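Tertiary structure, described
Each chain, letter by letter, is given below.
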Amino acid sequence: MIARLDKWCVAAAVLGLTALLFPPVAGGRWTDGPEFLGAAVLLVALSGFFAWKGVTAFWHSATLVLLVIAATAISLGFIHAIGDGMTTGSGFWLFNLALWAVAWRGIDGIAAFRSTNPRWQRLANLFVPAAFGLWMIYLWEIAVVGFGVPQVLLPAPGMIGDRFMGSLDILWEDFQQTFMKAVLAGYIMGCGSGFLVAILVDRVPFLQRGLLPLGNLVSALPIVGVAPIMVMWFGFDWQSKAAVVVIMTFFPMLVNTVTGLTASGVLERELLRSYAASYWQTLFKLRLPAAMPFIFNALKINSTLALIGAIVAEFFGTPIVGMGFRISTEVGRMNVDMVWAEIVVAALAGSAFYGVVSLGERAITFWHPSFRERR
Amino acid sequence: MTASPAQSIEKPAQDAGQRRTVVEAKKLSLTFQTADSPVYALSEIDLQVEHGEFVSFIGPSGCGKTTLLRAIADLEQPTAGSIEINGVSAHQARLDRSYGYVFQAPALYPWRNIERNVTLPLEIMGMPREEREERARKYLELVDLAGFAKKFPWQLSGGMQQRASIARALCFDPEILLMDEPFGALDEIVRDHLNEQLLKLWDKTRKTVVFVTHSIPEAVFLSTKIVVMSPRPGRIIDVIETNFPRDRTLDIRETADFLEIAHRVREGLRAGHSYDD
């Protein structure tokens with residue numbers, strides 16, 4: 001009988017019951033906060049029910065997830081309502097451990113969800129990582145608030161969110177300055193020149209011995225040494241940051257394209273030779289398409305490198321706008337929440353940029369074995 | 001049609017009766033320089049292929065049959081002797097696009113669908129788009145792949161892929177078809193089927209075919225002339241002419257004539273081997 005009980009739900013029910021024995025706030029009682037008490041009772045009741053019934057159908061998992069959503073909302077309201085000078089008690093943390101067990105079981109059930117409708121399936125596939133991320137943010141929030149971590153060390157996500165929403169105009173200006181100008185311009189120039197030089201190296205073989213080591217040397221230059229020099233050469237505005245991005249993105253593109261151009265098979269090349277195809281025909285009909293997986297690798301690596309390069313370069317002189325500028329000044333003024341807001345912008349922009357490049361990759365190199373199954 | 005680099009598939013009928021040498025090799029030798037010692041891939045090869053013939057090179061691996069085919073295709077450079085295709089050098093013949101080459105593997109480009117793989121040589125030769133598509137339709141039908149034009153190579157079976165590569169070799173209507181063990185990787189049932197289809201194609205298009213194989217039944221069934229080769233150094237030890245009708249079927253493999261020729265090929269191969277020991 002015991003073996004047939006759902007382990008995670010048993011754990012949740014036991015932990016939840018134990019939690020009710022300990023105070024949620026140091027020196028307080030459960031009855032002080034009726035909503036939180038309600039959440040705990042509901043948690044114990046539902047996990048007990050599913051421990052007995054088993055989590056088998058989709059609606060079981062969905063119910064557990066809904067329970068977790070409601071309980072986290074109440075728990076967040078509870079922890080923010082605790083007055084200064086009071087700290088959370090062990091009842092609160094036991095409650096969250098129980099919640100964790102329920103969340104695990106619910107998400108596990110949804111991850112196992114299989115549907116013949118691709119739209120539902122895609123939604124379920126998207127839900128799992130999203131839920132995981134949100135759960136991490138929730139833990140971060142209750143840990144920071146519950147343990148009273150100083151905001152200079154680590155601000156709570158809610159605080160960062162407030163700052164983010166409150167400074168949208170500044171963040172947008174910084175984003176335009178750093179991403180739309182420096183990153184995109186540098187990325188296009190760096191990748192473009194790396195690509196063209198790779199073709200040149202391929203066409204004129206002796207350059208391979210001259211240019212490749214030189215490109216390697218340039219890529220090995222430390223960014224903190226190059227950035228001030230670029231500021232002196234190209235001025236304070238975004239042009240000098242774009243120059244740093246060019247230096248960072250040029251070499252990965254060059255090396256990957258040179259390698260990619262050798263990736264076509266012998267038979268495929270001899271086939272074109274048997275048609276008496278010219279160098280450029282061979283390049284465009286065979287060698288460049290075969291090099292595309294390599295070129296997209298470089299584009300993906302460079303999409304993140306470019307953002308890092310531009311932000312760091314702004315530490316070395318810039319007009320009073322830009323993500324790197326904002327981070328370096330706000331950290332000096334102890335406005336760590338603003339620094340985190342910029343980090344959020346950088347993370348969102350970087351992921352979106354990478355995502356767009358990946359979509360392009362999937363569209364163009366759909367034929368590659370790593371993508372074939374998904375067609 | 002007049003602007004195209006090649007004519008229609010059906011050759012004029014008077015071509016068939018006429019004896020005309022298409023491939024002529026004289027004292028052809030080819031040595032590969034390797035790190036430790038030279039490898040004599042071909043030694044003093046004399047060979048004539050007439051127009052409309054189906055010639056097979058047969059021999060154990062390492063006997064130079066593929067090398068000989070590649071020398072005809074100007075994919076290898078002979079170290080001595082001469083080789084002429086239609087009276088011009090192999091190099092010039094390649095530039096004239098006088099042969100279609102079918103490799104051991106289909107060598108289809110995975111980013112192109114079957115139709116665009118077949119039209120690849122036509123693109124290289126600068127044929128206008130509508131004509132390319134029409135040719136692709138025609139030749140895909142010829143190799144029984146009419147419904148698969150928009151599929152990608154990796155969505156097709158090995159036999160279908162190889163048929164697509166044959167359509168690609170035929171579509172610019174070269175005079176000669178060079179085939180390097182095209183069915184080597186396929187199972188016997190598919191292979192028999194493709195052999196029959198290939199014979200029909202050969203009969204219909206009146207092309208000259210040079211075919212490399214290491215299968216005796218395949219060589220005897222397909223060929224009008226079988227060139228038996230032996231290794232180290234690669235050379236020709238026997239040339240066998242056959243007289244099967246052009247529209248033969250797989251049934252002839254049971255006949256006494258067939259078995260006799262197969263026997264002679266096997267004897268030749270055995271003689272080549274004993275020399276080696």
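Sequence order sets the numbering: in each chain, residues are counted from 1 along the sequence as written. Here the convention is simple: chains get letters from A, ligands get numbers from 1, in the order in which they are written. Note on the predicted model: pLDDT of at least 70 is required for a residue's local features to be given, and 80 or more for side-chain atom pairs to be given and counted; whole-chain, interface and lining totals, by contrast, use all residues. With hydrogens and water stripped out, all remaining heavy atoms of the structure feed into the side-chain values.

**Considering the overall build of chain B**
Helix and strand assignments come from DSSP, with helices taken as H or I runs of at least 4 residues and strands as E runs of at least 2, each series counted from the N terminus. From N to C terminus, chain B includes ten helices and ten strands. C-alpha atoms define the radius of gyration, and 2.2 Å times the number of residues to the power 0.38 defines the globule rule. Rg of the C-alpha trace for chain B: 19 Å, near the compact-globule value of 19 Å for 277 residues, within the 12% margin. Projected onto the principal axes, the alpha-carbon positions of chain B cover approximately 55 × 45 × 40 Å. A buried classification covers 57% of the 277 residues belonging to chain B. Pairs of residues are marked as contacts when any of their non-hydrogen atoms sit within 4.5 Å. Once local pairs closer than 6 in sequence are excluded, the contacts in chain B between residues at least 24 apart make up 73%. In these tables, accessible area is a Shrake-Rupley quantity obtained with a 1.4 Å probe, and a residue counts as shielded only by the protein chains included in the view. Element-wise, carbon and sulfur atoms account for 49% of the exposed surface of chain B, whose accessible area totals about 12,100 Å². Computed over 34 positive and 40 negative side-chain charges, the separation of the two mean positions in chain B equals 4 Å. The classification of residues rests on relative accessible area computed with a 1.4 Å probe and restricted to protein chains. Under 20% of the type maximum is buried, over 50% is exposed, and intermediate values are partly exposed. Residues scored as charged are limited to Lys and Arg (positive) and Asp and Glu (negative), so that His and the chain ends carry no count. All charge positions are set by atom: Lys at NZ, Arg at CZ, Asp at CG, Glu at CD.

**Describing the sheet that holds strand 4 (residues 80-85) of chain B**
All names here are of chain B. The strand order across the open sheet formed by four strands is 2-1-4-5, and the pairing between neighbours is antiparallel. Single-partner strands in this sheet number two, and they are strand 2 (38-50) and strand 5 (88-89). Strands were regarded as paired on the criterion that DSSP finds at least two bridges between them. Judged from the two bridges that link them, strand 4 and strand 5 form a sheet pairing that is antiparallel. Among the inter-strand pairings, E84 is bridged to a residue of strand 5, identified as S89.

**Some points on the packing of helix 3 (residues 58-81) of chain A against helix 5 (residues 118-146) of chain A**
Between two packed helices, what matters for the description is the angle formed by their axes and the separation of those axes. Residue and element names in this part refer to chain A. Axis definition: a line fitted to C-alpha atoms, over the contacting stretch in the case of helices. Angles run 0 to 180 degrees between N-to-C directions. Running from N to C, helix 3 and helix 5 point in directions that differ by 20°, and their axes come no closer than 11 Å. If you check the angle between helix 3 and helix 5, you find them roughly parallel. As helix 3 packs across helix 5, the resulting crossing turns out to be left-handed. For the pair helix 3 and helix 5, the contacting residues are V65, V68, T72, S75, L76, I79 and H80 in the first and F127, W135, Y138, E141, I142, V145 and G146 in the second. All amino acids are sorted into three groups, where Ala, Val, Leu, Ile, Met, Phe, Trp, Tyr, Cys and Pro are nonpolar, Asp, Glu, Lys and Arg are charged, and the leftover types, Gly among them, are polar. When its residues are assigned to classes, the contact of helix 3 with helix 5 shows nine nonpolar, four polar and one charged. Oblique is the label for any angle not covered by the other classes, which are roughly parallel (under 35 degrees), roughly antiparallel (over 145) and roughly perpendicular (65 to 115). Should the near helix be turned anticlockwise from the far one by less than a right angle, the crossing is left-handed, and should it be turned clockwise, the crossing is right-handed.

**Remarks on the sheet that holds strand 8 (residues 208-213) of chain B**
All names here are of chain B. Here six strands make up an open sheet; going across it, the order is 6-7-8-3-9-10 and the pairing mixed. Bordering the open sheet on either side are strand 6 (99-102) and strand 10 (235-241), each of which pairs with just one other strand. Pairwise comparison of adjacent strand axes, ignoring direction, gives a mean angle of 15° for this sheet. Note: strand 3 (residues 54-58) against strand 9 (residues 225-230), four bridges, orientation parallel. Of the residues in strand 9, the one forming a bridge with S56 is I226. Each of strand 3, strand 6, strand 7 (176-180), strand 8 and strand 9 touches helix 2 (residues 65-72); the most contacted strand, strand 8, lies at about 150° to it.

**Some words on the nonpolar core**
Residues belong to a common nonpolar core when they are buried Ala, Val, Leu, Ile, Met, Phe, Trp, Tyr or Cys residues joined through side-chain atoms within 4.5 Å. One finds B:F57, B:L178, B:V220, B:I226 and B:V265 to be the most contacted residues of the largest nonpolar core, which totals 97 residues. Of all the elements, helix 7 (residues 158-170) of chain B adds the most residues to this core, at six residues.

**Observations regarding the domain arrangement of chain A**
How big an interface is tends to be stated in terms of accessible area lost as the parts join. These domain boundaries are the output of an automatic or database domain assignment. Assigned domains of chain A: these are domain 1 (2-149) and domain 2 (165-374). Computed from C-alpha coordinates alone, the two centres of domain 1 of chain A and domain 2 of chain A are separated by 43 Å.

**Brief notes about helix 6 (residues 157-166) of chain A**
Residues and elements named next belong to chain A. Residues P157, I160 and F164 constitute the buried set of helix 6. Buried positions in helix 6, seen along its axis, are confined to an arc of 60° and lie on one side of it. Relative to its buried face, helix 6 has exposed residues pointing more than 90 degrees away, namely D162, M165 and G166. Contacts from the buried residues of helix 6 go to helix 5, helix 7 (168-203) and helix 14 (336-364). The arc in question is the one spanned by the directions pointing from the helix axis to the C-beta atoms.

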